[in-house]
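Letter by letter, the chains look like this.
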Amino acid sequence: MFRFGSKDIGIDLGTANTNVFVDGKGIVLRDPSVVAKDLSTGEIVAVGEDARNMIGRTPGSIVAIRPMKNGVIADYDTTAAMMKYYIEKAIGKTISKPYVIVCVPSGVTEVEKRAVIDATRLAGAKDAFILEEPFAAAVGAGLPVMEPTGSMVVDIGGGTTDVATIALGGIVSSRSIRLAGDSMDEGIIHYIRKKYNLLIGERTAEQIKIEIGCASVDKAVEYGSMDVRGRDLLTGLPQTIQVSAIDVAEAIKEVVDGIVSAVRETLEETPPEISSDVIDHGIILTGGGALLKNISDAIADETDVPVFVANDPLDCVALGTGESLKHIDLYKKKRLK
């Protein structure tokens, strides 16, 4: 059934998950950025959680894919179809098309931004505007982004980690690296395959990371171990092994080191006055990666700056995007210039 009114929408279009914020309602949707597609017909079979449950379990004619890779569009048509599904699920089919603000990593090119705008319009938006993820994350975390006081945010997502210092409504210095949650999962898969000759899937690797993942090899012993099921590469048969938190910490060490280095390098590029503010107020972590055990300690030890995990780190970008909807008229004026 069509509705005649339409609310503006903010979309945190992530590599791993998509969150949708509807003006006046808040976050109405949190779903994996996964689409299941029938290869023989090109038809979309499932989107979101239903599609995610199909990963590694589909017959030959159906494939479950993530149309976003490293924070940018890897499959244009499938991304547009996914966004159309989410927009309609969030606000229903409307006569009046919504304006949409979409978050992207701070390091994307103008071509990649244009692809996001075009895909959002194709999905049913009246017009689309881009907001950089670290700025949205800072707003969603409640940082004073419009004041002269400098703030620093580290948004660890699925495909990218965005680091930025922010003051007076703009990004002062930033870095976007393609080391984040998915890279950790890949590291776990590779490590277990190499050490135990066991093949595991993406979902198993993610579950291992969530349950016993730790950013510090030295502190990992506190988190014990867990049973992991997979396929033995020598016999080809199913097998269960025990993986320790120390194994996981070693598997993701390279990714953690890369994130810590990005934070350090961004701080080195930051003007001294803002660096002073960051030392006083600390670094705020957002995104799913902020939930990794001891990640705040790992960054604090390397930078000598206090590090805090934001309230609701998974929702910060979406909440910041939603807050930006209040200023949608400014985005429209910029587009007209």
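Structure: above.
Residues numbered from 1 in each chain as written. Predicted model: local features only at pLDDT ≥ 70, side-chain atom pairs only at ≥ 80, totals over all residues. Heavy atoms only, no water.

Visitor: Quick rundown of helix H10 (residues 316–324)? Include the residues and the values.
Guide: Within H10, seven of the nine residues are buried, which leaves it mostly tucked inside the rest of the structure. Inspection of H10 places Cys-316, Val-317, Ala-318, Gly-320, Thr-321, Gly-322 and Ser-324 among the buried residues, and these make up the whole buried set. (Buried < 20%, exposed > 50% of the residue type's maximum accessible area, 1.4 Å probe, protein only. Helix = DSSP H or I, 4+ residues; strand = E, 2+ residues; numbered from the N terminus.)

Visitor: I'd like to hear about helix H2 (residues 76–91), residue by residue, with values.
Guide: An ideal rise of 1.5 Å per residue puts 22 Å on 16 residues; H2 measures up with 23 Å between its terminal C-alpha atoms. Among all positions of H2, only Thr-78, Thr-79, Ala-80, Met-82, Met-83, Tyr-86, Ile-87, Ala-90 and Ile-91 are buried. Taken from the residues just after H2, Gly-92 is the one with a positive phi, measuring 80 degrees. (Expected span 1.5 Å × (residues − 1).)

Visitor: Tell me about the sheet that holds strand E6 (residues 62–65), and name the residues and values.
Guide: Strands in a sheet are paired, the pairing made by backbone hydrogen bonds, and the direction either parallel or antiparallel. With antiparallel pairing, three strands are arranged side by side in an open sheet as E5-E4-E6. Whereas interior strands pair on both sides, the edge strands pair on one side only; in this sheet they are strand E5 (44–47) and E6. Direction aside, neighbouring strands of the sheet carry axes that sit 20 degrees apart on average. When strand E4 (residues 35–38) meets E6, the two strands line up antiparallel, connected through four bridges. Bridging from a neighbouring strand, Asp-38 pairs with Ile-62 of E6. This element, H2, spans E4, E5 and E6 of the sheet and lies at about 55 degrees to E5. (Pairing = 2+ DSSP bridges. Axes fitted to C-alpha atoms, helices over the stretch in contact; angles between N-to-C directions. Contact = heavy atoms within 4.5 Å.)

Visitor: An account of the nonpolar core is needed here, citing residue identities and associated values.
Guide: Membership of the largest hydrophobic core comes to 47 residues, with the highest contact counts inside it found for Ile-188, Ile-200, Ile-208 and Ile-283. Every residue in contact with Ile-188, bar those within four places of it in the chain, is listed here: Ile-200, Ala-205, Ile-208, Lys-209, Val-248, Ala-251 and Ile-252. One finds Val-20, Val-35, Met-82 and Ile-117 within the second-largest nonpolar core, a separate group that totals 29 residues. (Core = buried A, V, L, I, M, F, W, Y, C linked by side-chain atoms within 4.5 Å.)

Visitor: Describe the pairing of strand E15 (residues 225–232), with residues and values.
Guide: Strand direction decides the pairing type here: strand E14 (residues 198–199) and E15, joined by two bridges, are antiparallel. Directly across from Leu-199, in E15, lies its bridge partner Arg-231. In this structure, E15 lies alongside strand E16 (residues 238–244), joined through seven bridges in antiparallel fashion. Within E16, the residue paired with Val-228 across the bridge is Ile-241. Hairpin connection, E15 to E16: the antiparallel pair is bridged by five residues, and Gly-236 has positive phi, about 80 degrees.

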